Number of protein chains: 2
Amino acid sequence: MTRTSDVPVDRPLGAAEAPQAQRDPAPTDAHLRETRNSSQELFKGKFLHAFRDQVVLPDGQMASREYVVHPGAVMVIPMDTDADGHVRLVMERQFRYPVGQVMVEFPAGKLDASETVLACAQRELQEETGYRATAWARAGVMHPVIAYSTEFIEVWFARGLIAGERALDAGEFLDVFSASPQELLQWCFDGTVTDAKTLTGALWLQNVLSGAWTLDWQTPP
Amino acid sequence: MTRTSDVPVDRPLGAAEAPQAQRDPAPTDAHLRETRNSSQELFKGKFLHAFRDQVVLPDGQMASREYVVHPGAVMVIPMDTDADGHVRLVMERQFRYPVGQVMVEFPAGKLDASETVLACAQRELQEETGYRATAWARAGVMHPVIAYSTEFIEVWFARGLIAGERALDAGEFLDVFSASPQELLQWCFDGTVTDAKTLTGALWLQNVLSGAWTLDWQTPP
């Protein structure tokens, strides 16, 4: 597949087509967009920073939108091959308080101010797992919570892994383990993995390993 | 694949194994879990409801955790076959204020109080797209934002689609269109689709259509 910027436009669904389906072949989005009228800080905590904006809807009516401002984050899919040539992934088990569960995840962390995305990916991988990687490839970006947060998560692959010492943040506790892509996909199916960023990582991994999706690898200095 | 409750445990990564990898073959998670000491409401808006809890970390130290309480949601992957037997998906384009973009998504919505998950799925599909479905299958659950929200999103498939009138909520504006699975996967690759729940839906769809993952279809009354 090649990267394109095709905008999805309406396509007929045949007999079951929705009567309301939008038929403009080149939508301008003016019938969807909301614009800011005013903005009010709701709360600034140690972590959460929330706002309520008054917005103008496409029909001219007013509405309020409450959301969290987030600096953005990076997730790393660290993979390597074992002595038998099988792909192994580096993953984590971490207790996540809001959902009250130990979650199986790919390594990830928030962007620091004035840090590049790649630098963040390298830092988080090393801090959380101890690994450095000799080759990196940017896969894409995801938005985990479009209804009420500005958060984005950059998705990167890392390979050529070199073990080292981890350096967890204060108050951070997590296990590092390795898994095969087959195990990861089984866990996505059976409900062991429910973290949306890691599920998205599994989509990328499956299509990269099959050759359907290609990556542009780089070897940073 | 069959559904199992295997807990991922440490597996060696061969030569590149992390020295910190946790080696207990049956982790109890006591070394990861945080327990609540106290809880304080930070803010109750029209939509956002936020708390700060004081928690006891695995090493006995204290820390604070700020998070949003969310009622949970359902996402529907509505699919059908056209006159030529090709799979068609019903999708939406909706402006999402926190990320400032029109997003390509599967239909989804929040659970109402005392509403079953299936009833919510049926309601949201009909309200947003006009479609009713004759057969439903629960795929699984995802957690979109494990660092700072209790939100979960149930993932359901729907087929046997019957077009009807939509009934959008006040202030809700969205386009309905149809797409092929191949288009959806291309959009996940090229960055047209960045919504994490829809990316997770694409993972499910790809594996269901390939036959790797099976669904248990039901025909509600």
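None of these values were measured; they are calculated from a predicted model.

**Q** Could you give an account of the sheet that holds strand E3 (residues 62–68) of chain B, naming the residues involved and the relevant values?
**A** Residues and elements named next belong to chain B. Within the open sheet, the three strands sit side by side as E1-E2-E3. Their pairing is antiparallel. Both edges of this open sheet fall to strand E1 (35–44) and E3, since each of them pairs with a single strand only. Along the sheet, successive strands turn relative to each other by an average axial angle of 20 degrees, direction set aside. Sheet topology note: the strand E2 (residues 49–56)/E3 ladder contains seven bridges and is antiparallel. Counted as the bridge partner of Val 56 is Met 62 from E3.

**Q** Run through the packing of aromatic side chains, naming residues and quoting values.
**A** Considering all chains together, one arrives at 14 aromatic pairs over all chains under this definition. By way of ring pairs, the aromatic residues Phe 51 and Tyr 67 of chain A together with Tyr 97 of chain B are connected into one cluster. For Arg 159 of chain B, the ring lying beneath its charged end belongs to Trp 217 of chain B, and the centroid distance is 4.0 Å.

**Q** Run through the pairing of strand E4 (residues 73–81) of chain A, naming residues and quoting values.
**A** All names here are of chain A. E4 sits mainly inside the fold: eight of its nine residues count as buried. As defined by bridge partners, E4 adjoins strand E9 (residues 153–162) across six bridges and the pair is classed as parallel. Of the residues in E9, the one forming a bridge with Pro 78 is Ala 158. Note: E4 against strand E5 (residues 87–96), three bridges, orientation antiparallel. Bridged to Thr 81 within E5 is Val 87.

**Q** For the interface of chain A and chain B, give the residues involved together with the corresponding values.
**A** The interface of chain A with chain B comprises 106 residues on the first partner and 106 residues on the second. Looking only at chain A, the three residues that lose the most surface to chain B are Tyr 97, Ile 146 and Phe 189 of chain A, adding up to 10% of its buried area. Seen at the junction of chain A and chain B, the total is two salt bridges. Ionic pairing is found between Arg 93 of chain A and Asp 29 of chain B, a salt bridge with its closest N-O pair at 2.7 Å. Counting every contact that joins chain A to chain B gives 25 residue pairs in polar contact (both at pLDDT 80 or more). Here the side of chain A that touches chain B takes nine residues from helix H3 (residues 196–210) of chain A, the largest share from any one element. Tallied by class, the residues present in the side of chain A that touches chain B amount to 54 nonpolar, 25 polar and 27 charged.

**Q** Which residues make up the sheet that holds strand E2 (residues 49–56) of chain A, and what values go with them?
**A** Residue and element names in this part refer to chain A. Across the sheet, three strands lie side by side as E1-E2-E3; this open sheet has antiparallel pairing. Edge positions in the sheet fall to strand E1 (35–44) and strand E3 (62–68), since each has one partner strand and no second. Each strand of the sheet is rotated relative to its neighbour by a mean of 20 degrees, with strand direction disregarded.

**Q** Break down the side chain of Glu 92 of chain A for me, with residues and values.
**A** All names here are of chain A. Of note, Glu 92 is situated in strand E5. It is Arg 96 that comes nearest to the buried, bridge-free Glu 92 among opposite-charge side chains, at 6.1 Å. Here Glu 92 is in contact with Met 103, Val 104, Glu 105, Pro 107, Glu 128, Thr 129, Leu 174, Asp 175 and Phe 177, once residues within four sequence places are set aside.

Thresholds applied
Residues numbered from 1 in each chain as written. Chains lettered and ligands numbered in written order. Predicted model: local features only at pLDDT ≥ 70, side-chain atom pairs only at ≥ 80, totals over all residues. Heavy atoms only, no water. Pairing = 2+ DSSP bridges. Helix = DSSP H or I, 4+ residues; strand = E, 2+ residues; numbered from the N terminus. Axes fitted to C-alpha atoms, helices over the stretch in contact; angles between N-to-C directions. Phe/Tyr/Trp six-rings, centres within 6.5 Å; stacked < 30°, edge-to-face > 60°. Lys NZ or Arg CZ within 6 Å of the ring centre and 35° of its normal. Buried < 20%, exposed > 50% of the residue type's maximum accessible area, 1.4 Å probe, protein only. Contact = heavy atoms within 4.5 Å. Buried area = accessible area lost by both parts, 1.4 Å probe. Salt bridge = Lys/Arg side-chain N within 4 Å of Asp/Glu carboxyl O. Polar contact = N/O pair within 3.5 Å; in protein donor to acceptor, adjacent residues only side chain to side chain. Nonpolar A, V, L, I, M, F, W, Y, C, P; charged D, E, K, R; others polar. Lys, Arg positive; Asp, Glu negative; His and termini not counted.

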